[in-house]
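So the chains spell out like this:
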Amino acid sequence: APTTAVIFAGADAAGARTPDEAWRVMLAKWAGDGIGIKADIYTEMTKMAMGDPNRPDPRTKAALDHWRNVSYRVLQDGDHAVIYFGNRKGWNNAPFLFCNTPSGWKFDIVHQRRLVVMADNPHWKVEQGNYPYVSLLTEVRQATAKDLPLEREDLYTCAKDQKIAKRIFALEQAYRQRPNDYSVVMELARLNVITGRRPNHVRPLLERAKKLEPASASPYKYSAIYNVNTFFQYKTALKEIQVYLEKTPADAFGQSVLGFLYYRLGEYKNSIAALRKAVEFRPDNVYAFSFMARDYALLYQHAKDFDPRKNHYKDKAIAMLHKAETAPTGDSRRIASLRRWLKGRNVL
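Not measured: the values here are computed from a predicted model. (Residues numbered from 1 in each chain as written. Predicted model: local features only at pLDDT ≥ 70, side-chain atom pairs only at ≥ 80, totals over all residues. Heavy atoms only, no water.)

A. Main features of the side chain of K125. As for its position among the elements, K125 is in strand β6 (residues 124-127). No salt bridge forms around the buried K125; measuring N to O, its nearest opposite-charge neighbour E127 is 4.6 Å away. Contacts of K125, omitting those with residues within four sequence positions, involve L115, V116, V117, R141 and A143. (Helix = DSSP H or I, 4+ residues; strand = E, 2+ residues; numbered from the N terminus. Buried < 20%, exposed > 50% of the residue type's maximum accessible area, 1.4 Å probe, protein only. Lys, Arg positive; Asp, Glu negative; His and termini not counted. Salt bridge = Lys/Arg side-chain N within 4 Å of Asp/Glu carboxyl O. Contact = heavy atoms within 4.5 Å.)

Given below as structure tokens:
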């Protein structure tokens, strides 16, 4: 597997004092004016992905004049902030995401790649899901294309950025010495998946893990996650999660992902069947109830007026919404988004 482009420094250098300062420093560095600025405005994972901020790629340089002159607002919620140019068309108007690390504010490339998606130019959108920043961008176009029910250990956070980067660096060294050690290969693959690294850092490791431990379900789980989060390849992800479920059939996560993939592929009845199983394994499953509500709503929307099942689909969509709302764990942001979506389809 390729190694990181930046040697891990071992100590997190001081970032900016505010999100606005981090943005202005980043622009200065990209323009070649920031050599003397001490603030380190890249997280360790951003350094791995983008290298030296004083040497940006040509595409970044091409948009500098726009970013240095366009008006913007700083939207902030705790340790997460967005440089927001308004709900304007144009790829150059897509927001930038910054997080407050233990050492200061820095550019968050992991969530930038995960959440801010460039559709057909000039359109861009923001992905929904159990991610930070989403609550700051409710007025822009949103999608559920990457809304996977990731478990806590598979959620990247800026607070864990340095720890994750350090672990990746150590695992890469271990991999060079022990390329047939499944535990090393799989853990490196997992961390590269959850931080959204490039395919050459992910796919060879997952394929190697499959060969090293044919009985293991983990490579298929993370392959499915990666194919969704990086490429929107739902059919490929479906094959991977089906193998995962063959190996771990009584798994709420796997059934929830299966339901999500069928939903994205327009197979709403198959989605409902999978999500029902997910609820059997985890009764307090807001995610599964929410996607069943979407499935039934789309069945309602697509049914002909003379179809006797039409009103049944509508009633079931509302019932699933209520189950999501009354689940003990709750998920207020997901439910608020679902309510807006159902209203837009005349279900509520």
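Picking up where we left off.
B. Representation of the pairing of strand β1 (residues 73-77) in the model. Strand direction decides the pairing type here: β1 and strand β2 (residues 80-84), joined by five bridges, are antiparallel. Residue pairing for β2: L75 is matched across the bridge by V82. The turn joining β1 and β2, which pair antiparallel and follow one another in sequence, is formed by two residues; a positive phi near 65 degrees is taken by G78. (Pairing = 2+ DSSP bridges.)

C. Up close: unusual backbone geometry. Omega for the peptide link from N121 to P122 comes to 15 degrees, which places this bond in the cis form. Take P122: it is sitting in the loop between β5 (116-118) and β6. In this model, N346 sits at a positive phi of 60 degrees, which is unusual for a non-glycine residue. Mapped onto the elements, N346 comes out in the segment after α15 (332-344).

D. Structural view of the pattern of salt bridges. For the structure on display, the rule yields 19 salt bridges. For the salt bridge of D154 with R190, the shortest nitrogen-to-oxygen distance reads 2.8 Å. Placement of the pair is D154 in the loop between β7 (142-143) and α6 (161-177) and R190 in helix α7 (residues 182-194), with a sequence separation of 36 residues. Put simply, R197 and E172 hold a salt bridge, and the shortest N to O gap is 3.3 Å.

E. Representation of the nonpolar core in the model. Membership of the largest hydrophobic core comes to 116 residues, with the highest contact counts inside it found for W23, M26, F96, F98 and L261. Sort the elements by how many residues they give to this core and helix α13 (residues 286-302) lands first, with 12 residues. Setting aside its immediate chain neighbours within four residues, F96 contacts W23, M26, W30, W67, A81, V82, I83, F85, F107 and Q112. (Core = buried A, V, L, I, M, F, W, Y, C linked by side-chain atoms within 4.5 Å.)

F. Representation of the confidence of the model for the protein chain. When pLDDT is averaged along the protein chain, the result is 94, and 97% of the positions lie at 70 or above. Taken as a whole, residues 3-10 scores under 50 in pLDDT and shows 20 contacts with residues more than four places along the chain or in a different chain. (pLDDT = per-residue confidence, 0-100.)

G. Region of interest: the packing of aromatic side chains. Counted according to the given criterion, the structure contains 19 aromatic pairs. Among the aromatic residues, ring-to-ring pairing joins W23, W30, Y42, W67, Y72, F85, F96, F98 and F107 into one connected group. Over the face of the ring belonging to W341 we find R294, whose NZ or CZ atom lies 4.6 Å from the ring centre. If you follow K310 out to its NZ or CZ, it ends over the ring of Y300, 4.5 Å from the centre. (Phe/Tyr/Trp six-rings, centres within 6.5 Å; stacked < 30°, edge-to-face > 60°. Lys NZ or Arg CZ within 6 Å of the ring centre and 35° of its normal.)

H. Quick look at the sheet that holds strand β3 (residues 96-101). A sheet is described by the order of its strands in space; here four strands give the open sequence β1-β2-β3-β4, paired in antiparallel fashion. The sheet is open, and its two edges are formed by β1 and β4 (104-107), each paired on a single side. Across the sheet, the axes of successive neighbouring strands diverge by a mean angle of 25 degrees, strand direction being ignored. Across four bridges, the pairing between β2 and β3 is antiparallel. Within β3, the residue paired with I83 across the bridge is F96. The strands touched by helix α1 (residues 19-30) are β1, β2, β3 and β4; relative to β3, the strand with the most contacts, the crossing angle is about 120 degrees. (Axes fitted to C-alpha atoms, helices over the stretch in contact; angles between N-to-C directions.)

I. Highlighting the packing of helix α12 (residues 268-281) against α13. Interaxial distance between α12 and α13 falls to 9 Å at its minimum, and their mutual angle equals 160 degrees. It follows from the interaxial angle that α12 and α13 lie roughly antiparallel. Here α12 runs over α13; the crossing is left-handed. Two secondary-structure elements touch here, α12 through Y268, K269, S271, I272, L275, R276, A278 and V279 and α13 through A288, F289, F291, M292, D295, Y296, L298, L299 and H302. Of the residues assigned to the contact of α12 with α13, the class counts are 12 nonpolar, two polar and three charged. (Parallel < 35°, antiparallel > 145°, perpendicular 65-115°, else oblique. Left-handed = near helix turned anticlockwise from the far one by under 90°. Nonpolar A, V, L, I, M, F, W, Y, C, P; charged D, E, K, R; others polar.)

J. Seen up close, the sheet that holds β6. Taken in spatial order, the three strands line up as β5-β6-β7 in an open sheet, and their pairing is mixed. If you trace the sheet from one side to the other, it starts and ends with β5 and β7, each paired once. Alignment of β5 against β6, held across three bridges, turns out to be antiparallel. Of the residues in β6, the one forming a bridge with V116 is V126.

K. Local environment of the state of the cysteines. Counted under the stated rule, the structure contains one disulfide. Sulfur-sulfur distance for the disulfide between C99 and C158 comes to 2.0 Å. Between C99 and C158 the sulfur-sulfur dihedral comes to about -85 degrees; the bridge is accordingly left-handed. Placement of the pair is C99 in strand β3 and C158 in the loop between β7 and α6, with a sequence separation of 59 residues. (Disulfide = S-S within 2.5 Å.)

L. Spotlight on the packing of α13 against α15. At a closest axis distance of 11 Å, the pairing of α13 and α15 adopts a crossing angle of 5 degrees. As summarised for this structure, α13 and α15 are arranged roughly parallel, according to the angle between their axes. Contacts from V286, Y287, S290, F291, A293, R294, A297 and L298 of α13 reach α15 at R334, I335, S337, L338, W341 and L342. The class makeup of the residues in the contact of α13 with α15 is 10 nonpolar, two polar and two charged.

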